[in-house]
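Tertiary structure, described
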There are 2 protein chains.
Amino acid sequence: MTTYDRNAAGKPAHLDEVSKKIIEQLQADGRRSYAEIGKAVGLSEAAVRQRVQKLTESGVMQVVAVTDPMQLGFYRQAMIGIRATGDTRLLADRLAELPAVDYVVLTAGSFDILAEVVCEDDDELLTLLNSKIRNLEGVTSTETFVYLKLHKQLYNWGTR
Amino acid sequence: MTTYDRNAAGKPAHLDEVSKKIIEQLQADGRRSYAEIGKAVGLSEAAVRQRVQKLTESGVMQVVAVTDPMQLGFYRQAMIGIRATGDTRLLADRLAELPAVDYVVLTAGSFDILAEVVCEDDDELLTLLNSKIRNLEGVTSTETFVYLKLHKQLYNWGTR
DNA sequence: AGTGAAACGACCGTAGA
DNA sequence: TCTACGGTCGTTTCACT
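This is a predicted model, so every value here is computed, not measured. (Residues numbered from 1 in each chain as written. Chains lettered and ligands numbered in written order. Predicted model: local features only at pLDDT ≥ 70, side-chain atom pairs only at ≥ 80, totals over all residues. Heavy atoms only, no water.)

As a further point, take the domain arrangement of chain A. Domain annotation for chain A reports domain 1 (1-65) and domain 2 (69-146). Taking the mean C-alpha position of each, domain 1 of chain A and domain 2 of chain A sit 32 Å from one another. (Domains from an automatic or database assignment.)

If you want it as structure tokens, here you go:
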């Protein structure tokens, strides 16, 4: 599943300190054992496992592999600001279908949509823009921000 | 470590099909056992373990917990486009130090920097913008794109 | 929700092709 | 770089609190 609704699981989750610590442990290393986490947070292995299962099932957290595009041969990344007419949700669906697009967000402001793309090179980026994105129904104009240097990238949203 | 250099580990990594499959397995579930992955890709448990270790050490991949800001009480996200003078790398360092900033990228285009922020509410966002970001040395103007709906969010960059 | 205990399975180091 | 194997540790289930 590539597209998801952040509101799907409902509202807050008001985690206690122990669950926050468990999440921190898994943010540092997603393969850390439940037993080791238990030692760090002062809980039995079984209790940690139950909490992790709940956190995962409720969508608060997931443990996944993240990869570095550069090392996989994708040397060109960019953010595309898009201005559009009509229902931007439909347009967002079309954008999300493109394999090179790894991030789509509907925004308020001078762009209606922001889309991040991952390309092998400038050639692919140019083709993507001209032959795919700018052809989509509703797109009135785009602005491209080529990445010069990715400086900070956190996955631990929300625990700060 | 919150800031990292994507070029740190050098250039390509030309993975074979087996390593790509291993990464796919861990993208689906970061806690899947080496033995189970081995069955899926046709390799012994030890071989999978060695490959995962190499992929992790070389920075091609890492297994981590990712969380949903909404469910942790951060209801307002936004992308801030920043125009600046001087060395934007220094400014990016200052931005990266702010806990609410989870993403900073130096760009070419009508913005010099794009920064994603995660806030509890509009109040915090407003304070962040006015009292923190716009005060930073070198910032000449900002443009804020408040997130209305996060539509697609991939962590599996590069394997497409 | 949590603990503890026993059976099972995964993980890790080492040896060898 | 892979497989094979044994010791160790983690995980799972279940009965209990």
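Its 12 residues place the ends of helix H1 (residues 17-28) of chain B 17 Å apart at the C-alpha level, agreeing with the 16 Å of an ideal helix rising 1.5 Å per residue. Restricting attention to buried positions, one finds in H1 of chain B the residues Ser19, Ile22, Ile23, Gln25, Leu26 and Gln27 of chain B. Summarising the contacts, the buried residues of H1 of chain B are in contact with strand E1 (61-67) of chain A together with helix H2 (34-41), helix H3 (45-57) and strand E1 (61-67) of chain B. (Helix = DSSP H or I, 4+ residues; strand = E, 2+ residues; numbered from the N terminus. Expected span 1.5 Å × (residues − 1). Buried < 20%, exposed > 50% of the residue type's maximum accessible area, 1.4 Å probe, protein only. Contact = heavy atoms within 4.5 Å.)

Let us now look at the packing of aromatic side chains. Each aromatic ring pair is summarised here by two numbers: the centre-to-centre distance and the angle between the ring planes. Taken as a whole, this structure holds 4 aromatic pairs over all chains when the rule is applied. With a centroid separation of 5.2 Å and an interplanar angle of 25°, the aromatic rings of phenylalanine 111 of chain A and phenylalanine 145 of chain B are classed as stacked. One end of the pair, phenylalanine 111 of chain A, is in the loop between strand E3 (101-108) and strand E4 (113-119); the other, phenylalanine 145 of chain B, is in strand E5 (residues 139-153), on a second chain. The same class applies to phenylalanine 111 of chain A as to phenylalanine 145 of chain B, namely buried. Measuring from ring centre to ring centre gives 6.1 Å for phenylalanine 111 of chain B and phenylalanine 145 of chain B, while their planes differ by 75°; the resulting arrangement is edge-to-face. Here phenylalanine 111 of chain B is found in the loop between strand E3 (101-108) and strand E4 (113-119), whereas its partner phenylalanine 145 of chain B is found in strand E5, with 34 residues between them in sequence. (Phe/Tyr/Trp six-rings, centres within 6.5 Å; stacked < 30°, edge-to-face > 60°.)

With that settled, consider the pattern of salt bridges. Any two side chains of opposite charge can pair if their charged atoms end up close together. Residue and element names in this part refer to chain B. A full pass over the atoms with the stated rule returns 14 salt bridges over all chains. Across the pair arginine 83 and glutamate 143 runs a salt bridge, and its minimum N-O distance is 3.2 Å. You can see arginine 83 sitting in strand E2 (residues 76-84) and its partner glutamate 143 sitting in strand E5, a full 60 residues away along the chain. The partly exposed category is assigned to glutamate 143, whose relative accessible area is 23%. (Salt bridge = Lys/Arg side-chain N within 4 Å of Asp/Glu carboxyl O.)

Attention shifts here to the relation of the copies chain B and chain A. Copy one and copy two of the chain differ by a rotation about an axis and a translation along that axis. Mapping chain B onto chain A calls for a rotation angle of 180° and an axial translation of 0.0 Å; the resulting RMSD is 0.1 Å. Here the symmetry operator amounts to a two-fold rotation axis. The fraction of interface residues of chain B whose copies in chain A are also interface residues reaches 100%, indicating that both copies meet through the same surface. (Least-squares fit on C-alpha atoms with pLDDT ≥ 70 in both.)

We now examine the interface of chain B and chain A. Each partner contributes to the interface: chain B provides 79 residues, whereas chain A provides 79 residues. For the chain B and chain A pair, buried surface summed over both sides reaches about 8,000 Å², with 54% attributable to carbon and sulfur atoms. Summed over the shared surface of chain B and chain A, the result is 0 salt bridges. Inspection of the chain B/chain A interface yields 33 residue pairs in polar contact (both at pLDDT 80 or more). Counting only elements with at least two residues in the side of chain B that touches chain A, the list comes to H1, E1, E2, helix H4 (88-97), E3, E4 and E5 of chain B. (Buried area = accessible area lost by both parts, 1.4 Å probe. Polar contact = N/O pair within 3.5 Å; in protein donor to acceptor, adjacent residues only side chain to side chain.)

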